[in-house]
Amino acid sequence: MEKGRLIEIRLHGERRLAVADRPEGKKNWVVVDRDGHNHTIKPQQVTYEVSGETYTASSISSFLESIANYLDPSSLEVAWELLVEEGETVTPQDLAQLLFSDTSAPLCYAAHCLLAEDKVYFKQKGDRYEPRSSSLVAEIQHQQQVKQQKEQENREFLERVERALVEEVVEWTSSDRQRLEAIEKYAIHSNHTEGFKPSPLVPETLSALNRSETPQAAFELLVALGLWSAHENLFLRRSQIPTQFSTKVFDVVQGCIQDPPDDRDPNRLDLTQLKVYTIDDESTTEIDDGLSIEYLDDGRTRVWVHIADPTRWLTPGDDLDMEARKRGTTIYMPTGMISMFPRELATGPMSLVQGKECCALSFGAILDESGAVADYTIHASWIKPTYRLTYDDVDEILQLGVPAEAEIATLAELAKRRQNWRREQGSINISIPEASIKVKDDEVTITLLEDSVSRQLVAEMMIMAGEITGRYGSTHALPFPFRSQPQPELPPEEELMQLPAGPVRSSALRRCMPRSEMSITPARHASLGLDFYIQVTSPIRRYMDLLTHFQLKAHLRGDSLPFSEAKLQELMAAISPTSQEANWVERQTNRYWGLEFLRRHVDREWQGLVLRWLREQDSLALVLLEELGLEMAIRFTNPVAPGDYITLKVTYADPREDVVHFQHVLEPTAVE
């Protein structure tokens, strides 16, 4: 190294020209760059020495200007094409001669710069450069094009995002959707799904938009873009539950409606002469049960429970059956429902529609004086629903004693008889108010579902149909999805009697109740007080009920059963997790909107009933908000006891985080 020598050094990862000024120690040198800054460098930092004359730091800029016109990277492609076939290596001096026909110091340095910056055509080997193979060059060029395209797509995506954020209408591309779906998955699964790893697109996108790399920031971005609502149902999105039907399924539905399949039950019992009542909530659209009274010539009364017959429209294993099997159940949420069947079928031909002749599976029962089923019959039938009534309608008819609808009074009397009989058989009555939460046009309403006579009437008739089905399956040794419940270990009677009657006592009983079980063999259902029981009354809404219909109707026709014991057990094992997941989504969604309702009414006070302790040592109790039918876990700082009525006020609620805090509003102390 000599003083005044122009050299290229690598400093902080960058190539830079400098002039050697003086030695520093045995090996190092002090150099000066074009800005006049001194740098102490090691020999290994020198990447090129410009031969020839000596230079000063002030001449570096003019030197660079003299070679600027020669630094065209495209000229390397010409040189590469001349050298690649022979595989001949070159030095910067060789390349200067080849490209510029000049090997002066500035042009040799220009050639060095081209080779040093090149990532496509040449590869450095020692002091020389080797041309890459044609195939490798083609691959590198392809990768560069892909990178450039990605960078272009990224710029255009960010531009569209900025436009969408100011509420402009944008058309997202397939590449955009890939990014947005990655962000959606991050908002849905991060912190909730074990082992989840977000796509690299997520931090890249959030960082480019100057947003924090958190699930909350991702959620807020999707809301701001108008892709999600502020109340997006993340419970549903985390589940495996399909929310839409495929085009193929819709095509099958249209085919069923336009060209109905042959009825495998051509000899249906004609019950169209009976007055049929369907009783549901006003919002119900899938009408799957109806009730009738038949007065027999011998003076006895037969009660009929008519259940919708969706098996009229499908067969085991067909497209509709497999779709329903995949879904397992209809899901009811405050914002709407997700049907097990497409609505065109579920609310149309499958439902018991007022004034139309409908296919049904009808259970006829004659009760003895105690309320036990003395005789029963089951038929595939034709019915013609006469009235569609709400629970309130039925309660009003009973209160007014409307003579023209004496059948309603008879149904209520028989239901009461059934309830008393089941109580004598050991049934356990648990009655705690429940809430019906609805959301429409962003308005949240909560209606208390009272345990009215009409609801008890319908419930008893459905339970009776389940008992009849269980008895039929047991009598004929048929593999059905029987439901049972082990006998609970209840508190001593004297202990229960010390608790206030109503929700407090029911809550104490409920915590003792074991989970219901399902098996292909019958067993006692403790809380219902029945030796046999099968859910059979909601085949449009529960796939297990539909399975029972397939088995029961085949046996009634004298056909072989569509599902063997092994196959039925396999289906039950497969469907149960799906149904449990759907129930979890329902519960979580209802709780979310319950907390959102409370959040919107923080100025109100609520009457609470302390049901029981959850952890008495921590003063954590379960409280029923009586006006709303909502149960909340609340920690108290002052003395309370089960059965106490208290006044509560919400101090904070965050439904997204599942957090709600209450203040116990104490009565002012009387002053003497």
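Going by what an unreviewed UniProt entry lists, the protein chain is known as Ribonuclease R and is assigned to Roseofilum casamattae BLCC-M143.

Draft legend 1. Region of the structure containing the UniProt feature "domain: RNB" (unreviewed entry) in the protein chain. Feature annotation in UniProt places "domain: RNB" (unreviewed entry) on residues 268-558, given in this structure's numbering. From the first C-alpha to the last, residues 268-558 spans 14 Å; its make-up is 32% helix and 25% strand.

Draft legend 2. Highlighting the packing of helix α13 (residues 391-400) against helix α15 (residues 453-475). For the pair α13 and α15, interaxial distance at closest approach is 8 Å and the crossing angle is 110 degrees. Taken together, α13 and α15 sit at an angle that is classed as roughly perpendicular. Residue-level contacts link Tyr391, Val394, Asp395 and Leu398 of α13 to Val453, Ser454, Arg455 and Val458 of α15. Class assignment of the residues belonging to the contact of α13 with α15 gives a composition of 5 nonpolar, 1 polar and 2 charged.

Draft legend 3. Representation of the packing of aromatic side chains. Throughout the structure, instances matching the rule amount to 14 aromatic pairs. With 6.1 Å between their ring centres and 70 degrees between their planes, phenylalanine 245 and phenylalanine 250 make a pair best called edge-to-face. Of the residues examined, phenylalanine 250 reaches a relative accessible area of 30% and is grouped as partly exposed. Summarising the aromatic geometry, the rings of phenylalanine 597 and tryptophan 606 are spaced 6.0 Å apart at their centres and angled 50 degrees between planes, so their arrangement reads as tilted. The pair phenylalanine 597 / tryptophan 606 is uniform in exposure class, with both members buried. Taken together, the ring pairs in this structure connect Tyr48, Tyr55, Phe63 and Tyr109 into an aromatic cluster.

Draft legend 4. Layout of the pattern of salt bridges. For the coordinates displayed, the defined rule picks out 45 salt bridges. Put simply, aspartate 94 and arginine 128 hold a salt bridge, and the shortest N to O gap is 3.4 Å. Taken together, the residues span a long stretch of sequence, with aspartate 94 in helix α3 (residues 92-100) and arginine 128 in strand β7 (residues 128-131) at a distance of 34 residues. Classification of aspartate 94 by relative accessible area gives partly exposed; the value is 33%. We note a salt bridge from arginine 557 to aspartate 559, for which the minimum N-O separation is 2.8 Å.

Basis of the calculations
- Residues numbered from 1 in each chain as written.
- Predicted model: local features only at pLDDT ≥ 70, side-chain atom pairs only at ≥ 80, totals over all residues.
- Heavy atoms only, no water.
- UniProt positions renumbered as here; feature names shortened; annotations may be inferred.
- Helix = DSSP H or I, 4+ residues; strand = E, 2+ residues; numbered from the N terminus.
- Axes fitted to C-alpha atoms, helices over the stretch in contact; angles between N-to-C directions.
- Parallel < 35°, antiparallel > 145°, perpendicular 65-115°, else oblique.
- Contact = heavy atoms within 4.5 Å.
- Nonpolar A, V, L, I, M, F, W, Y, C, P; charged D, E, K, R; others polar.
- Phe/Tyr/Trp six-rings, centres within 6.5 Å; stacked < 30°, edge-to-face > 60°.
- Buried < 20%, exposed > 50% of the residue type's maximum accessible area, 1.4 Å probe, protein only.
- Salt bridge = Lys/Arg side-chain N within 4 Å of Asp/Glu carboxyl O.

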